[in-house]
Amino acid sequence: AWARGEIDAEDSAGAWIVRAHYYDSSSTYIGYQDAASGGAGTVSTTWAQKGGRITTPSNAATVRIYLYNYMNSGWVAYDDVSLIKVGTSTNLVVNPGFESSGNWSEYQQSSYPGTSFLRNTWGTGGPRSGTYGYVISNHAYGSLLSDYTAASASTTYNLSAWLRGEIDAEGSEYG
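In short, a report on the structure.

What counts and how
- Residues numbered from 1 in each chain as written.
- Predicted model: local features only at pLDDT ≥ 70, side-chain atom pairs only at ≥ 80, totals over all residues.
- Heavy atoms only, no water.
- Pairing = 2+ DSSP bridges.
- Helix = DSSP H or I, 4+ residues; strand = E, 2+ residues; numbered from the N terminus.
- Axes fitted to C-alpha atoms, helices over the stretch in contact; angles between N-to-C directions.
- Core = buried A, V, L, I, M, F, W, Y, C linked by side-chain atoms within 4.5 Å.
- Buried < 20%, exposed > 50% of the residue type's maximum accessible area, 1.4 Å probe, protein only.
- Contact = heavy atoms within 4.5 Å.

Details of the sheet that holds strand 3 (residues 29–38)
Piece 1. Ordered by their spatial adjacency, three strands build an open sheet running 3-2-5, and the pairing between neighbours is antiparallel. The strands lining the two open edges of the sheet, one partner per strand, are strand 3 and strand 5 (62–70). Between one strand axis and the next, the sheet turns through 20° on average, direction left out of account.

Rendered as structure tokens:
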């Protein structure tokens, strides 16, 4: 897969991973193998192809590709995923560039509720090629919404809130 991203080394303990999970003819899981992985400092904001050679077990009938951003503070974007049998040139991955919304499922572990997914045409979710890319991150895109509060028409109000936080300027699109 082609990958790019920004991982905060100080706040991260995990890795980005390109992994194959193997299943037998009964769809029973039989194991996995990593094609590539790395932590902070092994991915940059420039697209790079990340992968390696894998060998399926003797009883494998199907493969599922997993693209991870695991226990990291930051984001990792993926695009143009390929699984090509050695000696051929045919990509076996359906929807390898995320051009349609099918064939890929988002999975979030419940113990990491800050994980977000974005299939997009720009920003960190922007593609390497085609129209779409996919990013897994802890990017914030949320809001708190109050109950309705009575207000008078054509009246000026002061609206404020106390807040605190830390926003990485290099990896942030807005505010």
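Read on, since the account is not over.
Things to note about the nonpolar core
Piece 1. Among the nonpolar cores identified, the biggest contains 15 residues, and Ala 1, Trp 16, Val 18, Leu 67, Tyr 78, Val 81 and Phe 98 are the most heavily contacted of them.
Piece 2. Broken down by secondary-structure element, the contributors of at least two residues to this core are strand 1 (2–7), strand 2 (15–23), strand 6 (74–79) and strand 8 (133–137).
Piece 3. What Val 81 contacts, discounting residues up to four positions off in sequence, is Ala 1, Ile 65, Leu 67, Asn 91, Val 93, Pro 96, Phe 98 and Trp 104.

Overview of the pairing of strand 6
Walk down a regular strand and you will see the side chains alternate between the two sheet faces.
Piece 1. The buried fraction of strand 6 is high, at six of six residues.
Piece 2. Every second residue of strand 6 is oriented toward a common face, with Gly 74, Val 76 and Tyr 78 on one face and Trp 75, Ala 77 and Asp 79 on the other, all of them buried.
Piece 3. Both strand 6 and strand 8 contribute to a ladder of four bridges, which runs antiparallel. Bridged to Ala 77 within strand 8 is Val 135.

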